[in-house]
Amino acid sequence: MKDLLGLRELPTSQIVEILDEAKKMRKVIDSDGRLNDCVHKTVVNVFYENSTRTALSFEVAGKTLGAIVSNMSVKNSSVNKGENLFDTVKTLEAIGYDTIVVRHGMAGVPHFIAKNVSCSVINAGDGRNEHPTQALLDMRTMLDYYKSLKGLKVAIVGDIAHSRVAMSNIYGLSKLGAKIYISAPNTLLPKGIEILPVEIVKPKEAVKGANIVMTLRLQLERMQSALISSMGQYSKSYGLNDELIALADSKAIIMHPGPVNRGIEMTSSVLDGLKSVVNEQVTNGVAVRMAILKMCKKGVG
Ligand code: CP
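For every chain, the first residue of its written sequence is number 1, and the numbers climb from 1 along that sequence. Residues qualify for local features only when their pLDDT is at least 70, as the model is predicted, and side-chain atom pairs are given and counted only at 80 or more; totals for whole chains, interfaces and linings, by contrast, use all residues. As a convention, hydrogens and water are excluded, and side-chain values are obtained from all of the structure's heavy atoms.

**Some points on the overall build of the protein chain**
Counting its secondary structure elements, the protein chain contains 11 helices and 9 strands. Here the globule rule reads 2.2 Å times residues to the power 0.38, and the radius of gyration is calculated from C-alpha atoms. Taking 2.2 N^0.38 as the reference for a compact globule, 301 residues should give roughly 19 Å; the C-alpha atoms of the protein chain span a radius of gyration of 19 Å, in line with that estimate. Each residue gets one of three labels from its accessible area relative to the maximum for its type: buried under 20%, exposed over 50%, partly exposed in between, using a 1.4 Å probe on protein chains only. Residues counted as buried form 57% of the 301 residues belonging to the protein chain. What makes two residues a contact is simply this: any of their non-hydrogen atoms within 4.5 Å. In the protein chain, of all internal contacts separated by at least 6 residues, the share reaching a separation of at least 24 is 77%. Per-residue and other accessible areas follow the Shrake-Rupley method at a 1.4 Å probe size, with only the shown protein chains counted as cover for residues. Accessible surface, the protein chain as shown: approximately 13300 Å² in total, 52% of it carbon and sulfur. None of His or the chain ends enter the tally, which takes Lys and Arg as positive and Asp and Glu as negative. Charge positions come from single atoms, namely NZ of Lys, CZ of Arg, CG of Asp or CD of Glu. With 37 positive and 29 negative side-chain charges, the protein chain shows a separation of 1 Å between the mean positions of the two kinds. For helices the rule is a DSSP run of H or I covering at least 4 residues; for strands it is a run of E covering at least 2, with both sets numbered from the N terminus onward.

**Concerning the nonpolar core**
Counting 87 residues, the largest nonpolar core has Ile18, Leu136, Met139, Ile156 and Ile160 as its most contacted members. The greatest single-element share of this core, amounting to 9 residues, is contributed by helix 11 (residues 278-295). What is meant by a nonpolar core is a set of buried Ala, Val, Leu, Ile, Met, Phe, Trp, Tyr and Cys residues, joined one to another through side-chain atoms within 4.5 Å. Judged by nonpolar contacts, the second largest core, of 17 residues, contains Met72, Leu85, Val102 and Ala114.

**A few points about the pairing of strand 8 (residues 212-215)**
Where burial is concerned, the two faces of strand 8 agree: the one with Ile212 and Met214 and the one with Val213 and Thr215 are both buried. Taken together, the 4 bridges between strand 5 (residues 153-157) and strand 8 define a ladder with parallel strand orientation. In the strand pairing of strand 8, valine 157 is matched with threonine 215. Paired strands are those between which DSSP finds at least two bridges. Pairing analysis gives 3 bridges linking strand 8 to strand 9 (residues 253-255), with the strands arranged parallel. Looking at strand 9, one finds that isoleucine 212 is bridged to isoleucine 253.

**What about the sheet that holds strand 8?**
With respect to topology, 5 strands assemble into an open sheet ordered 7-6-5-8-9, the strand pairing being parallel. Pairing within the sheet leaves two strands with one partner each, and these edge strands are strand 7 (198-200) and strand 9. Sheet twist, expressed as the average angle between the axes of neighbouring strands with direction ignored, equals 20°. As paired elements, strand 6 (residues 179-183) and strand 7 share 3 bridges and run parallel to each other. Axes, fitted as lines to C-alpha atoms, cover a helix only where it is in contact. Angles between the N-to-C directions of the axes lie from 0 to 180 degrees.

**Description of the side chain of threonine 99**
Position of threonine 99 among the secondary structure elements: in strand 3 (residues 99-104). Taking the relative accessible area as the measure of exposure, threonine 99 reaches 0% and is therefore buried. Those residues in contact with threonine 99, other than ones at most four positions away along the chain, are Lys41, Thr42, Val43, Val44, Cys119, Ser120, Ile122 and Leu293.

Put into structure tokens, the structure is as follows:
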């Protein structure tokens, strides 16, 4: 494939292929190995929004595969002199980058770039639309605990309205046969959620018997107006605590894409507890991004 823009349009067979490749890449990481699959590849990270996990794991993934990786500081770039997006990405193409990894606050930016350059384009999060590499690393982590996702109950609790992670997980998990239960205040449910393959329920119903409980960051920076009555009330109703997760399956795993607002989306005892796989998610992020950098090829398709 040339680009990875979203899981909505990605065929199930390609999702499975990425997850299988990522499993091999995880073995490389665990043995402190290095590969040379991308020795001739140049990758540029272009993040118009802040990131710790995604940006750094793409850098480590590229370097582990032997690629030359640049991190464009948008703040210090000619974007700050008024250069528009089209001219910026045509410049990156002319410099000779094979792959552009992009995060942007506006939905559809990676798709726009992919239409206008011959480089591979990887979506590292676009507005409220999708964050496909996050959902792939989430699914890779789930598959470390369960042989298959078919028929598993996945509870997604929290700020769904602003979450590109939730959207990509809904597309990806439904393609792999999981049953998805969503729980959020009405003000934090996106328009059109009812046409997606999810059940919308109260938090206790979502978590009861769940194999996987995922909560999401409350994205205060994307909220135009007060959408929750108070942090305390939100945390009491939708935050994961020991009492709520006790309702889940006894072997359930607890996930969060990070960064976590400790004490709001989940208590410290849940985040640091035995069922939490939050740090595993981060490590699998490197493996998944290695697989994607290897598989996305400039000029294909
Ligand atoms: N989960 C995620 O996208 O984290 P960062 O914003 O730190 O990349």
